[in-house]
Structures are given as C-alpha cells and as structure tokens.
Amino acid sequence: MERIVHAWLGLAVSEQTSFLIKSAIFLFFTGATLFFALGASYPAVHDTLHNVRHALAIVPCH
Amino acid sequence: MIRLSALAYLGFALSLLVSPVWADELNVYFKTTPGFEHLRPYADPAILSLLVTDANGRPLKDGSVALRLDAPRSGVFFSTDFPWVEGTRLQEVQLNLRQGRANWKYLFPIRGEYRLAVSVSTADGRKANKEFTFNVRENEKKWGALAAFSAGLFCLGLIAGRVFTAAAAAPKQTAIIILALLSASTGRAETNSASQDPSAVLEVAPATVGRPTVVRWRFINAVDPSRVLLSLAIVHLEKGKTVFGVERISVPGEFAMNFQFTDGAEYRLIAVGEQPGSMPIRTEKTISATALEPPTKAMLPAFGYFIALIGAGLIAGRWSKRRVP
C-alpha cells in the first residue's frame, strides 16, 4: 500500500494511515460482499442463500 | 330539574353496574398446543383453541367467534426475517363454536408478541370481546447461527487487522473472499393453477406478502347448506408445513376468511366439504404468493451490525499485533 501511494502520489504514508486505508478498502469490499450475498435480490444469489438469510434471524428476506 | 339530573345519574350508575355483568356472562379462554413458551416461528404448526363458557362454566352450545390475529410489531432495532409481515393483519376468520370450542392450526411466521382479538356472538344475541396477547420466541438455532456468523466476521476482521498492521514489516497477501455463486434459479411453477371439482369452488385472490388475501370456499348444490362440514388446509409447499388448518367445522355452505400468506412462495390449499349421505368433495388449488423486496430500513441495522463487527475485529487485530513486542 505504501509503495502504491508512493508511486502514484509521491507521498510517504505512515503505518497508521496505511492501516486506515487498507481497513477502509477491506470494510468496503466485505460490506459489498455481504450485501450481495445476503441482501441482493438477484435470483441466483437469493435462491442459493435464501435459507442462510432466514437462519440468521435478523437478515430480512421477502 | 333536580329530579331529571338525579334520574340521569341513576341511569349512568345502573349502566356501569349492568355492563360488566353482561360481559361477564361469557368467559373466553385461549390456549395453544404446544404451550406459548414452546412456540417457535416456522417450526411446527400450533393448534390454537378457544373455549367459551357461560357464567357457570358450561361450554356454550351455539355461537360463533370472529377472530382477528395481528402480527408482532417491528422491533426497536433489528428486523425479523419477514419485515413485511411485522405489524400486519395475519388472519380474519369467523368460526362456529362446537361445544363452546373452536380449534384451528396455524404456523407462526415471526418472533414477537401476537395479538388475537376474539369477538363472541351467541345464538341468543349475547356478545363478548376479548383480546389475548402472547409471545412467540425466536428459534434458538437461529440465535446460535447468528452468534457463529458474528464470531466468524469478528475473526475475519481480527486476522485482517493483524495482517494490515504487520504489513509495514513485510508485504503480506490479503485473503480475497470469493463467493461461489451457484445458479440455482429455477422457473416458478405456473401461478394460480387450479383444479376445481364441479360441486365445490375454492377461490383465492392474488396473494402478496404483507397483506391479507381473501380465501373463499363454497359448496354448489348443497342439499342442506347448514349441515356442511369443511376441512381446509393451507400447505407451504417449499417447507412442507401446514400454515393454517381447520378440521370439520360446520359452515353454512360457504366459508370465507382473510388470510395473509407470509412468505413469497407456493402454497397448496386443500378443502374437503362433507355432507351427510354423500361423498366428501375435495378441492385443491395451488397459488404463488408474490414476494416483496425487504425495505431498506429493515436491512440497514443488520448490515451495519455485521460491518461494525468486522471493524471491531480490525481494531482488536491491530491492538493484539502491536501489543506483542
């Protein structure tokens, strides 16, 4: 991450900032994956994970 | 003038005295089998029983009960798995009392506090109303699954937090989550297919989750409409469970109720009408209840909770990594 930022922007990134950037990217992708898996209405995904949604008690389904 | 006001007071006082006595003439009792504490959503159908007695405790001979069952209201934060069902009317039905009793089967769809309003009418014109509330607890297996899933998300965040913290020393590979998406989309069966027997008709209005649907059955050419016995079952085909059922209730040649199909799935309705001295008439109908997408306000708390768990894992992972010299 530090190398990428350095190569693109020519900036040195502290370890804390690097952690924050990585964490934000990680949270974005895991959140998107969770939403796609448990919240999307796309039939193939919904039908496959329908029982998982209901098994988790707090994830709304149709 | 004084006399008139005194009479008015007397009348008011008498009405206060008379009303409770009139209402107390009928006692209404309600129970479920299994008991309330054992009821779970989408487990097995429960048998709901009403008993109406007179003031002496004798079961009422003639009469009917109008029932109205309402679903639990929405929770403070988290939704149930059927958000459109929350706070809606589940069923409205009138049943004739047999020896003071009325029984029916019902499969409770969600956790929470249900409200059952009962209105009793007797053949001699007496009436009584009563409302019962009872709680259906969530299936313990679901709470277990949620706890395991939450622990998994926290561990995912914890590992990521450790990896990201150590990245300054040496580049690490970040795990990429790949979901294997199986295309299991299958075409829905033809909706509202019906096979009708010529001497009985079963009609169901288009069903949508979140609002009651009219279910109507009627006997055609009944010899004596007052002596028709009806057995009606509504079966959730995917789960293979009976979500509503009444057995051999006496109906005046026809029966109608408002019933909510709480899941966007296929249901089979099976009605059997019986008349003395003739063969039972069986009518079946398969319907597909239209599903609705969950509202955003029901989804946000759950996904916010999941992401917060991963975030907490990230912080814990970083903390654990930095704590070790």
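Fair warning: this is a prediction, and the values are worked out from it, not measured in the lab.

**Q** Now, about the overall build of chain A: what can you tell me, with residues and values included?
**A** Along the backbone of chain A there are three helices and zero strands. When the helices and strands of chain A are read in sequence order from the N terminus, they spell out α-α-α. The C-alpha atoms of chain A give 18 Å as radius of gyration, which overshoots the globular expectation for 62 residues (11 Å, by more than 25%). Once the C-alpha set of chain A is aligned to its principal axes, its extents read approximately 50 × 20 × 15 Å. The proportion of buried residues among the 62 residues of chain A is 29%.

**Q** Just give me the short version of the nonpolar core, but keep the residues and values in it.
**A** For soluble globular proteins, nonpolar side chains are generally found buried alongside one another. All names here are of chain B. Counting residues in each nonpolar core, the largest one holds 78 residues, and the members touching the most others are Val65 and Leu269. Per element, the largest residue contribution to this core is six residues, and it comes from helix 3 (residues 296-323). Dropping the residues within four chain positions of it, Val65 is found in contact with Leu50, Val52, Leu95, Leu97, Ala102, Val118, Ser119 and Val120.

**Q** Could you give an account of the interface of chain A and chain B, with specific residues and numbers?
**A** The interface is formed by 31 residues belonging to chain A together with 39 residues belonging to chain B. Taken together, the elements giving at least two residues each to the side of chain A that touches chain B come down to helix 2 (15-38) and helix 3 (43-55) of chain A. No other element matches the 13 residues that helix 2 of chain A contributes to the side of chain A that touches chain B. Across the side of chain A that touches chain B, the residue classes break down as 17 nonpolar, ten polar and four charged.

**Q** How would you explain unusual backbone geometry if you had to name every residue and give the values?
**A** Residue Pro34 of chain B is reached from Thr33 of chain B by a cis peptide bond, and omega for that bond is 0°. In this structure, Ala57 of chain A is a non-glycine residue whose phi angle is positive, near 70°. Position of Ala57 of chain A among the secondary structure elements: in the segment after helix 3. Residue classification places Ala57 of chain A among the buried positions, given that 24 C-beta atoms sit within 10 Å. A positive phi angle is found at Gln99 of chain B, which is not glycine, with a value near 55°. Along the polypeptide, Gln99 of chain B turns up in the loop between strand 4 (89-96) and strand 5 (101-106). Taking the C-beta count within 10 Å as the criterion, Gln99 of chain B has 11 such neighbours and is therefore assigned exposed.

**Q** Just give me the short version of helix 2 of chain A, but keep the residues and values in it.
**A** Over its 24 residues, helix 2 of chain A runs 34 Å from end to end, which matches the ideal 34 Å to within 8%, given 1.5 Å per residue. Regarding helix 2 of chain A, the residues found buried are Phe19, Ser23, Phe26, Thr30 and Leu38 of chain A.

**Q** Residue-level account of the environment of Gly245 of chain B, with values.
**A** Residues and elements named next belong to chain B. As for its placement among the helices and strands, Gly245 is situated in strand 12 (residues 241-251). Residue classification places Gly245 among the partly exposed residues on the basis of 18 C-beta atoms within 10 Å. Counting along the chain gives 157 residues from Gly245 to Thr88, while the straight-line C-alpha distance between them is 20 Å. With sequence-adjacent residues up to four places away left out, Gly245 is seen in contact with Pro45, Trp104, Lys105, Leu232 and Ala233.

**Q** Explain the sheet that holds strand 3 (residues 63-70) of chain B to me, and be specific about the residues and the numbers.
**A** All names here are of chain B. Sheet architecture is open: seven strands sit in the order 7-6-3-4-13-10-9, paired in antiparallel fashion. Strands at the two margins of the open sheet, each flanked by one partner only, are strand 7 (127-136) and strand 9 (200-204). In this sheet, adjacent strand axes meet at a mean angle of 15° when their direction is disregarded. Bridge count for strand 3 against strand 6 (residues 112-122) is eight bridges, and the pairing is antiparallel. Along strand 6, the bridge assignment pairs Leu67 with Val118.

What counts, and at which threshold
- Residues numbered from 1 in each chain as written.
- Chains lettered and ligands numbered in written order.
- Predicted model: local features only at pLDDT ≥ 70, side-chain atom pairs only at ≥ 80, totals over all residues.
- Helix = DSSP H or I, 4+ residues; strand = E, 2+ residues; numbered from the N terminus.
- Rg over C-alpha atoms; globule rule 2.2 N^0.38 Å.
- Buried ≥ 20, exposed ≤ 12 C-beta atoms within 10 Å, placed from the backbone.
- Core = buried A, V, L, I, M, F, W, Y, C linked by C-beta atoms within 7 Å.
- Contact = placed C-beta atoms within 7 Å.
- Nonpolar A, V, L, I, M, F, W, Y, C, P; charged D, E, K, R; others polar.
- Expected span 1.5 Å × (residues − 1).
- Pairing = 2+ DSSP bridges.
- Axes fitted to C-alpha atoms, helices over the stretch in contact; angles between N-to-C directions.

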